[in-house]
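Each chain, written out:
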Amino acid sequence: MSGNQPQHRGPAINALTSVRFFFASAVVVGHFGGHFPNSGISWPAFFGQLAPTAVSWFFILSGFIITYNYPVLSTGPERARFIISRIARLWPVHVATLLAAVFIVGSGKPLWFLSHVTLTQTWLADANVAGAYNGPSWSVSNEMFFYIAYVALILPKWWMRVLAVVVPIAIGVALPLFDGCFVPTTDPAGAANSAACVTDIFLFPAARLIEFLAGVALCRLRPRLPQLVGLFMAAAVLTYVLPALPGLGNGPWPILWRQVAIIVGGGALICSLARDGWLSRILDNRPLVIGGEISYSMYMVHQLVMLMLLPRVGDWSLPLQFLVVASVVIAVSMLLFYSVEQPVRDAVKRWLRNRRPISRSAGDNAAAIAG
């Protein structure tokens, strides 16, 4: 597309909005089960990986949607508008839940609080800092890192684009090796340190950038997949039907194989839903789209709601506890979306739209609209 032609955003893909509700629900269900490890219930084998897998799929979906809505950012003002719109999308709900977390879990260290305010809490590769307040916000910190990387990824100079990919991924690969995350040990203390190291890296944005970049690549390539195939592949990964490769042993290789499987399964589902089909039509209904719209608030409030409610309803049955938690999460999420998230996002849209120059280059319209 010529740099002198205005570019407009493509139509909304409602199926991809709706599927966010299911990803957020998987996180809520997974974290709810995590509060009851000794409940005596035989949770399904995949239950403990519901939340991590759904977060990975959120990252892939984010890369896909960002590329779909902002295929080019050819000027400095476009890139600035992109970052501003992304901050307006994430920061208001993040700050609201951060302040709530201060009252629920405590104030913590001033520098830790500052890192959370600036959405850089995961950039230090320290899980204690990343999870100091509202635990799920670590992924929002990663998203900010991804958005900056995306701006670099579509810069006009090829070597800048290469650096935007190679350097973070190299750091993400090298850090666990240098930290000794996978050094074999029979010492319990050493095993605990190795597990903590893996957790630090799990939250580190450079180590998760590959998931976001997979979404970017999938949007560019847009492979054609039947929706039944996409759904089956995602379900196979989620339920561990897809077997591990033999001979991988211990260390990083099983983790890397699982990472590949998550990207392939989630990417297949997302690509299939980006096109018309029977599953897209099922997901393209207003209640599910609304669920997708409030999914970010659901993700951000669910742990705080659990911390507040579960100690007070501990004598109730687990199904009743979950019903109460889920109802409150959805109610609070809708309140946050309609009173904080949407008004701020729309206000920033209008502000950016009013600041656009009369002469616009390619991508200007897309960059001026917050997703």
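Preceding block: the structure.
Scope of this entry: the structure provided in the associated data block. (Residues numbered from 1 in each chain as written. Predicted model: local features only at pLDDT ≥ 70, side-chain atom pairs only at ≥ 80, totals over all residues. Heavy atoms only, no water.)

## So, the pattern of salt bridges
Okay, so step 1: A full pass over the atoms with the stated rule returns 6 salt bridges.
Okay, so step 2: A salt bridge links E211 to R208, with the shortest nitrogen-to-oxygen separation between them at 3.2 Å. Separated by 3 residues within a single helix, E211 and R208 lie in helix α9 (residues 205–221), roughly one turn from each other.
Okay, so step 3: We note a salt bridge from D276 to R281, for which the minimum N-O separation is 3.3 Å. (Salt bridge = Lys/Arg side-chain N within 4 Å of Asp/Glu carboxyl O. Helix = DSSP H or I, 4+ residues; strand = E, 2+ residues; numbered from the N terminus.)

## Remarks on the packing of helix α3 (residues 76–105) against helix α6 (residues 138–153)
When two helices pack together, their arrangement is given by the angle between the helix axes and by the axis-to-axis distance.
Okay, so step 1: Two elements in contact, α3 and α6, have axes whose closest approach is 10 Å; the angle formed by their N-to-C orientations is 170°. With respect to α6, the element α3 is oriented roughly antiparallel. Along the contact surface, α3 presents R79, F82, I83, R86, I87 and L90, while α6 presents V140, E143, M144, Y147, I148, Y150 and V151. (Axes fitted to C-alpha atoms, helices over the stretch in contact; angles between N-to-C directions. Parallel < 35°, antiparallel > 145°, perpendicular 65-115°, else oblique. Contact = heavy atoms within 4.5 Å.)

## Digging into the packing of helix α2 (residues 50–69) against α9
Okay, so step 1: Close contact between α2 and α9 brings their axes to 7 Å; oriented N to C, the two are set at 40°. Relative to α9, the element α2 lies oblique. Pair α2 / α9 crosses with right-handed handedness. Across the interface between the two elements, S56, F59, I60, S62, G63, F64, I66, T67 and Y68 of α2 pack against R208, E211, F212, G215, V216, L218, C219 and R220 of α9.
Okay, so step 2: Looking at the contact of α2 with α9 residue by residue, the classes come out as 9 nonpolar, 5 polar and 3 charged. (Left-handed = near helix turned anticlockwise from the far one by under 90°. Nonpolar A, V, L, I, M, F, W, Y, C, P; charged D, E, K, R; others polar.)

## Let's talk about the packing of aromatic side chains
Okay, so step 1: Per the stated rule, a full pass over the model turns up 18 aromatic pairs.
Okay, so step 2: A ring pair is formed by Y70 and F82, whose centres lie 4.9 Å apart and whose planes are at 75°; its orientation type is edge-to-face. Here F82 lies in helix α3 and Y70 lies in the loop between α2 and α3, a separation of 12 residues in the sequence.
Okay, so step 3: Among the aromatic residues, ring-to-ring pairing joins F59, Y70, F82, W123, W138, F145, F146, Y147, Y150, F202 and F212 into one connected group.
Okay, so step 4: Over the aromatic face of Y147 sits the side chain of R86, whose NZ or CZ is 5.5 Å from the ring centroid.
Okay, so step 5: One residue, R208, lies across the ring of F202, its end atom 4.3 Å from the ring centre. (Phe/Tyr/Trp six-rings, centres within 6.5 Å; stacked < 30°, edge-to-face > 60°. Lys NZ or Arg CZ within 6 Å of the ring centre and 35° of its normal.)

## Digging into the nonpolar core
Okay, so step 1: By size, the foremost hydrophobic cluster in this structure holds 79 residues, and its most contacted members are L16, F23, F64, F82, Y150, F212 and L273.
Okay, so step 2: Tallying contributions element by element places α2 first for this core, with 12 residues.
Okay, so step 3: Residues contacting F64, with those up to four places away along its chain left out, are L16, G215, V216, L218, C219, R222, I270, C271 and A274. (Core = buried A, V, L, I, M, F, W, Y, C linked by side-chain atoms within 4.5 Å. Buried < 20%, exposed > 50% of the residue type's maximum accessible area, 1.4 Å probe, protein only.)

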